[in-house]
Each structure stands twice: as structure tokens, then as C-alpha cells.
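# What the coordinates show
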Amino acid sequence: MREATRVVRSGLTAAVAGEAMQLGPVFAGPFHTPGHPAGVRYTYGGSGNPTWTALEEAIAAIEGAGCAGVRVFGSGTAATAAVFGAVLRPGDVLVLPEEAYFGTRRVVEEYFGPMGVRVRTAATRGSAQAEAVEGAKLVWVETPSNPGMEVCDVALICERAHAAGALVAVDNTMATPMGQKVMEMGADFAVVSDAKLMLGHGDVVLGHVAARDVEWLDVLTAWRNRTGAVVGPMEAWLALRSLPTLPLRMERSSANAMRIAEFLLDRTEVERVLYPGLPGHPGYEIAARQMRWFGPLLSFVLRDRGMAERFLATAALVTEATSFGGVTTTAERRGRWGLDAVPEGLIRLSAGCEDADDLIEDIGRALAVAAR
Ligand SMILES: *Cc1c(COP(=O)(O)O)cnc(C)c1O
């Protein structure tokens, strides 16, 4: 069976006459646990829930070869912290991308760094991290980077890191496991903020970690339990409901992003377009090799902050909001947060699933107004 078919059918229960086709959320604190708890699968909602299990199995099927299993967490940030907490000890060297997601940089700067983890950074572009693996315990990779859209070679970094005895974790939020099979490329961990493209409806905060070894999976399970970084059953169920449309959302939003990127390239109001699906992008060759879909996210640079703000205020079909990967097209001037080293006029746009012609007409109109 091909992947899109598998993902679309991932929410179905076994064909038992009279049973619901789709699993509902199991709302539970305690589960019946008579006598000795050994062998009882679910005892308490903080350590396990059948709705989590169904979601973890559905996600693991998408992560594919090289994935021993998945654990879901309360957010992408909780999933990130779980890998750091499970793997890193004082004195260990962590290699981070220079342009790592701001939340990842901050949890390291504010917690893991002060607790004794030594941090080394290298650029995503040119796969510079592959040259920075000596003596490292963990190499953290993010490709494409957010919002700079830099690309690196995951298989190459995994090969160099493993040769040096280091583990590799890839933050695969941007591409999702459908867009980029990082476990197949050799990653030891894949971390995803499922709140973005993976689930795509803007109604949940949730994350997951996929692990290559069952031993690490056990460590992650323990971390989730000890720190309480859990998902509510309602969120896990919403996730199960959203996952089957990933192939459709991926196909449409990637196609829309490509159309918009090509359209922006030809517009004189736009100084730069950053999208790994464009042949002129510095990471295009690697992206074309390792990504199955280029995804919905692109960045483009307008003259200055004022022009970017006018664009966002004018575009009617581009909803101003943070985050990305939803069915609705959204965008924001990334510099407004002061968290990333980006030009003041940089707009990060997440193409949704609308009709591309409507989006392009609207964006064209807004650009003309903003340039005045
Ligand atoms: C959003 C995001 C995260 C954090 O995930 P949350 O679910 O918001 O906690 C991590 N990495 C990347 C690349 C992200 O975009």
C-alpha cells in the first residue's frame, strides 16, 4: 500500500461488526487496576492512554523505516526537552544549528546550558554541522530552517556524527515525516511539533518524538512520565482526526507555496524569495534529493518594515498569525518578535489549501498597495 492510502486510513478501527469506525477519545484518570498492576496496560492517565497509543501507532507508520516507535508529548517544545533531558548530562557537548528554532535555542540557553551542557553551533547552510561533530553527544539538526529556509544534508550529518560516536536528532516540524523521512536517513530521533503542518487545523498543541532504538523509547517514556509532559486525550483524538488529511493538505499546500514562490520571484516589489523548491535556492539540490514535498512555508523580503506591515494589513486572504502549516493561508512579519536574526521586511508565509489563483490575485494586489 502506498503512503497516502495508509495515512488516510490510519484512523480506522478493526472491522468488527457494530463497532465505531473511528476511535473516540478515552477520558480517563485512573483505569481499573485490581490486584497487582504488573501487566495492566493502562493504570493511570499520566502514564498511558489508549488514545495516545492509537496516535503513536499512526505516526510511527508515517515515520517509517528506522523508527522503533513514537511517543507523543504535550507540545513540540516538550518533545524537544524530552530528547535533551533523556540524552544530555553535564559536560556533554550539544551541537546546535546557528539558526535553530528560537524555542530550542532558549531552552538550551536558559536551562540545559546553565546545568552544564556545553553548546557548539554551526551553520545549517553547507551542512557545516557535519564538520562540528567531534566529541559531541548529540547533534541537533533542523532542515529547512525556520524562518531562514536554509537546508542541510541529513544523511551526511548522520554519517559523520555516527562515525564520531554522536547521536543525531532532527527537528522535522517543517517537512513532517511525510515530507522528509529522516529516520530512513539515519537519524536516532525525529522531533516534530505536530501543531503545525502535521495536524494542520490550528486547534491543538502537540508534539512527538520518534526513536530508532526501543531502549531510547523507554527512556523517553520515563521522561514523559517523570516530568508530566503529557497530552490530553481530547488533543490526542483531535490529532487522530486530523492526521488522515495530511496527504491532501501536503499536496495542496506545497503546490500553492510553489505557485506563490514563483509568482513572487517575478514581482519587482519583492527583494528576495526563500523557498527550497525554487531551483535558484542554495539548498535546492539537497532539498530535491531528501524531501518528498517542499511544504507550505516560504519567506520573502520586502523593502522595509512599513512595506511588510502594509502588505499584511492589505492582503485579505493572508491571515496575520504566527505558526504555520494550517489549511488557511497565514503570514507574519517575523521580525516583530525580535527572536530571529531576520531582515525587518521579511514575511514568513504559510500557504494554505485555498484556490491558488485567489491567493495569487490577492497577494499581487496587496503587494501593489504596499509598495506605494
Ligand atoms: C513550533 C516549533 C517548535 C515548537 O513546537 P510547539 O509545539 O510550539 O511547542 C519546534 N520546532 C519548530 C521548527 C517549530 O516550528
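The structure we're discussing is the one just above.
It should be emphasised that the depicted structure is a prediction, and the values quoted were computed from it without experimental measurement.

### Re the sheet that holds strand β2 (residues 93-97)
- Spatially, 7 strands are ordered β1-β7-β6-β5-β4-β2-β3 in an open sheet, and the strand pairing comes out mixed. Pairing within the sheet leaves two strands with one partner each, and these edge strands are β1 (69-73) and β3 (118-122). With direction set aside, neighbouring strand axes in the sheet form an average angle of 20°.
- Two elements, strand β5 (residues 167-171) and strand β6 (residues 189-193), share 3 bridges in a ladder whose sense is parallel. Each residue of the ladder has a partner; that of Ala169, found in β6, is Phe189.
- Most of the contacts of helix α4 (residues 102-112) go to β2, to which it runs at about 150°, and overall it touches β2, β3, β4 (138-142) and β5.

### As for the packing of helix α11 (residues 305-314) against helix α12 (residues 356-371)
- In the contact formed by α11 and α12, the axes pass within 8 Å of each other and the chain directions differ by 140°. Judged by the angle between their axes, α11 and α12 are oblique. You can see that α11 and α12 cross each other, and the crossing is right-handed. Along its contact with α11, which presents Met307, Arg310, Phe311 and Thr314, the element α12 presents Ile363, Ala366, Leu367, Val369, Ala370 and Ala371.
- Looking at the contact of α11 with α12, its residues break down into 8 nonpolar, 1 polar and 1 charged.

### What about the sheet that holds strand β11 (residues 330-333)?
- As summarised here, the arrangement of the 5 strands in space is β8-β9-β12-β11-β10, forming an open sheet in which the pairing is mixed. Since the sheet does not close on itself, it has two edges, and those belong to β8 (272-274) and β10 (319-320), each with one partner.
- In the sheet, β10 pairs with β11 via 2 bridges, with the strands oriented parallel. Each residue of the ladder has a partner; that of Thr319, found in β11, is Thr330.
- This element, α11, spans β9 (297-301), β10, β11 and β12 (346-350) of the sheet and lies at about 155° to β11.

### Observations concerning the environment of Lys181
- With respect to the helices and strands, the residue Lys181 is situated in the loop between α6 (176-179) and β6.
- Look at Lys181 and you get buried, because its relative accessible area is 6%.
- Residues Lys181 and Ala65, 116 residues apart in the sequence, show an inter-C-alpha distance of 8.3 Å.
- Not counting residues within four places of it along the chain, the set of residues in contact with Lys181 comprises Glu3, Ile62, Glu63 and Arg292.
- Within the structure, Lys181 has its side chain in polar contact with the backbone oxygen of Ile62 (distance 2.8 Å).

Quick notes on the rules
Residues numbered from 1 in each chain as written. Predicted model: local features only at pLDDT ≥ 70, side-chain atom pairs only at ≥ 80, totals over all residues. Heavy atoms only, no water. Pairing = 2+ DSSP bridges. Helix = DSSP H or I, 4+ residues; strand = E, 2+ residues; numbered from the N terminus. Axes fitted to C-alpha atoms, helices over the stretch in contact; angles between N-to-C directions. Contact = heavy atoms within 4.5 Å. Parallel < 35°, antiparallel > 145°, perpendicular 65-115°, else oblique. Left-handed = near helix turned anticlockwise from the far one by under 90°. Nonpolar A, V, L, I, M, F, W, Y, C, P; charged D, E, K, R; others polar. Buried < 20%, exposed > 50% of the residue type's maximum accessible area, 1.4 Å probe, protein only. Polar contact = N/O pair within 3.5 Å; in protein donor to acceptor, adjacent residues only side chain to side chain.

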